[in-house]
Amino acid sequence: MAELPVDPILKLYDAVGEDGIASVVRRFYERVRQDDILSPMYPDNDWDGAERRLKLFLIQRFGGPSTYSQERGHPRLRMRHMPFPIDDAAAGRWLKLMRSAITKAADAGDVPADFATATMPFFKQVALFMVNR
């Protein structure tokens, strides 16, 4: 019997660790806080919480500890994001800012240069899945 292919994204945590993912997420939220489309979707008093939740989600999704699920249960991304008006423009902006954050983290040596190549298909899939308007 043939073995099922292993999702390579599940092994990214081994390559970048918590610090690499934290660098990407920190750089991402630096941009989101200033963004005219995405910033209004975030409560002013929960920036640190949003950053922590995304970091824990990505750590888990990329093969690290399952702290996100232990604390919050199943990710239920679409349900959790339903209250926010996510249209094609918001999804596109989210992707643009994520790619920029990954590029800056790679330039700083916090993640490998090919991290974007490995993760952008996943991020694109998630962004498109979140569109609800």
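Let me begin by describing the structure that accompanies this report.

Quick notes on the rules
- Each chain carries its own residue numbering, running from 1 in the written order of its sequence.
- Given that this is a predicted model, residues contribute local features only at a pLDDT of at least 70 and side-chain atom pairs are listed and counted only at 80 or more, while totals for whole chains, interfaces and linings are drawn from all residues.
- Remark: hydrogens and water are excluded; side-chain values derive from all non-hydrogen atoms of the structure.
- Under the DSSP-based scheme used, a helix requires at least four consecutive residues in state H or I and a strand at least two consecutive residues in state E, with every element numbered from the N terminus.
- Whether a residue is buried, partly exposed or exposed follows from its accessible area with a 1.4 Å probe, protein chains only, as a fraction of its type maximum: under 20%, in between, or over 50%, in that order.
- Two N or O atoms form a polar contact when they lie within 3.5 Å of each other; inside protein one atom must be a possible hydrogen donor and the other a possible acceptor, and for residues adjacent in sequence the pair counts only when both atoms belong to side chains.
- Residue contacts are counted whenever heavy atoms from the two residues lie within 4.5 Å of one another.
- Stacked, tilted and edge-to-face are the three classes assigned to paired rings of Phe, Tyr and Trp, where Trp is represented by its six-membered ring and a pair needs centres within 6.5 Å; plane angles under 30 degrees give stacked, over 60 edge-to-face, the rest tilted.
- A 1.4 Å probe that fits into a set of points on a 1 Å grid over the protein atoms alone but cannot get out defines a cavity; an open set with protein on both sides within 12 Å along at least five of seven lines defines a pocket, and lining residues are those with an atom within 4 Å of a point.
- Grid points are joined across faces, edges and corners, and a volume is the space filled by probe spheres set on the points.
- Residue polarity is assigned by list, with Asp, Glu, Lys and Arg as charged and Ala, Val, Leu, Ile, Met, Phe, Trp, Tyr, Cys and Pro as nonpolar; anything else, Gly included, falls into the polar class.
- In what follows, salt bridge is the name for a side-chain nitrogen of Lys or Arg lying within 4 Å of a carboxyl oxygen of Asp or Glu.
- A helix is expected to span 1.5 Å for every residue after the first.
- Note that bend, as reported per residue, equals the angle between axes fitted to the 7 residues terminating at that residue and the 7 residues originating from it.
- Under this scheme, a helix contributes an axis fitted over its contacting stretch, all axes are lines through C-alpha atoms, and angles between N-to-C directions fall in the 0 to 180 degree range.
- To sort the angles, those under 35 degrees are grouped as roughly parallel, those over 145 as roughly antiparallel, those from 65 to 115 as roughly perpendicular, and the leftovers as oblique.
- If you view the pair so one helix is near and one far, a crossing is left-handed when the near helix is turned anticlockwise from the far one by less than a right angle, and right-handed when it is turned clockwise.

Let us look at the side chain of Arg27. Take Arg27: it is sitting in helix H1 (residues 12–32). On the accessibility criterion, Arg27 (16% relative accessible area) is buried. There is a polar contact of 3.1 Å between the side chain of Arg27 and the side chain of Asp110. Setting aside chain neighbours within four positions, we find Arg27 in contact with Ala101, Lys104, Ala105, Ala108 and Asp110.

This part takes up the packing of aromatic side chains. For the coordinates displayed, the defined rule picks out 11 aromatic pairs. On the basis of an interplanar angle of 75 degrees and a centroid distance of 6.2 Å, the ring pair of Tyr29 and Trp47 is categorised as edge-to-face. With Tyr29 in helix H1 and Trp47 in helix H2 (residues 47–61), this residue pair connects regions lying 18 residues apart in the sequence. Take Tyr29 and Trp47: they sit in the same class, and that class is buried.

Looking at where Asp35 falls in the secondary structure, it is placed in the loop between H1 and H2. Residue classification places Asp35 among the buried positions, given a relative accessible area of 8%. Side-chain polar atoms of Asp35 contact the backbone nitrogen of Ile37, separated by 2.9 Å. Filtering out sequence-adjacent residues up to four positions away, Asp35 remains in contact with Pro40, Arg93 and Leu97.

So, on to the layout of surface pockets. Here the largest pocket is characterised by a volume of approximately 650 Å³. What lines the largest pocket is a set of 27 residues, and nearest its centre among them are Tyr29, Tyr42, His81, Phe84 and Trp94. Among the residues forming the lining of the largest pocket, the class breakdown is 22 nonpolar, one polar and four charged.

Turning to the pattern of salt bridges, a few remarks are in order. Applying the stated criterion across every chain, the model contains nine salt bridges. One salt bridge connects Asp48 with Arg33, and the closest N-O pair in it is separated by 3.8 Å. Residue Asp48 is located in helix H2, and its partner Arg33 is located in the loop between H1 and H2; the two are separated by 15 residues in the primary sequence. One continuous salt-bridge network, built from bridges that share partners, spans Asp35, Asp36 and Arg93.

With that settled, the discussion passes to H1. Taking 1.5 Å per residue as the helical rise, H1 with its 21 residues ought to reach 30 Å, whereas the 24 Å between its terminal C-alpha atoms falls clearly short. The axis of H1 is deflected most strongly, by about 70 degrees, at Glu18.

Below, the discussion takes up unusual backbone geometry. A positive phi angle, close to 40 degrees, is found at Arg76, a residue other than glycine. Locating Arg76 in the fold gives a position in the loop between helix H3 (67–72) and helix H4 (77–81). Note on Arg76: relative accessible area 40%, which makes it partly exposed.

So, on to the packing of H1 against H2. Two elements in contact, H1 and H2, have axes whose closest approach is 9 Å; the angle formed by their N-to-C orientations is 150 degrees. By the angle between their axes, H1 is roughly antiparallel relative to H2. In the packing of H1 onto H2, the handedness of the crossing is right-handed. Across the interface between the two elements, Tyr13, Glu18, Ile21, Ala22, Val25, Arg26, Phe28, Tyr29 and Val32 of H1 pack against Trp47, Ala50, Glu51, Leu54, Lys55, Leu58 and Ile59 of H2. Classifying every residue of the contact of H1 with H2 gives 12 nonpolar, no polar and four charged.

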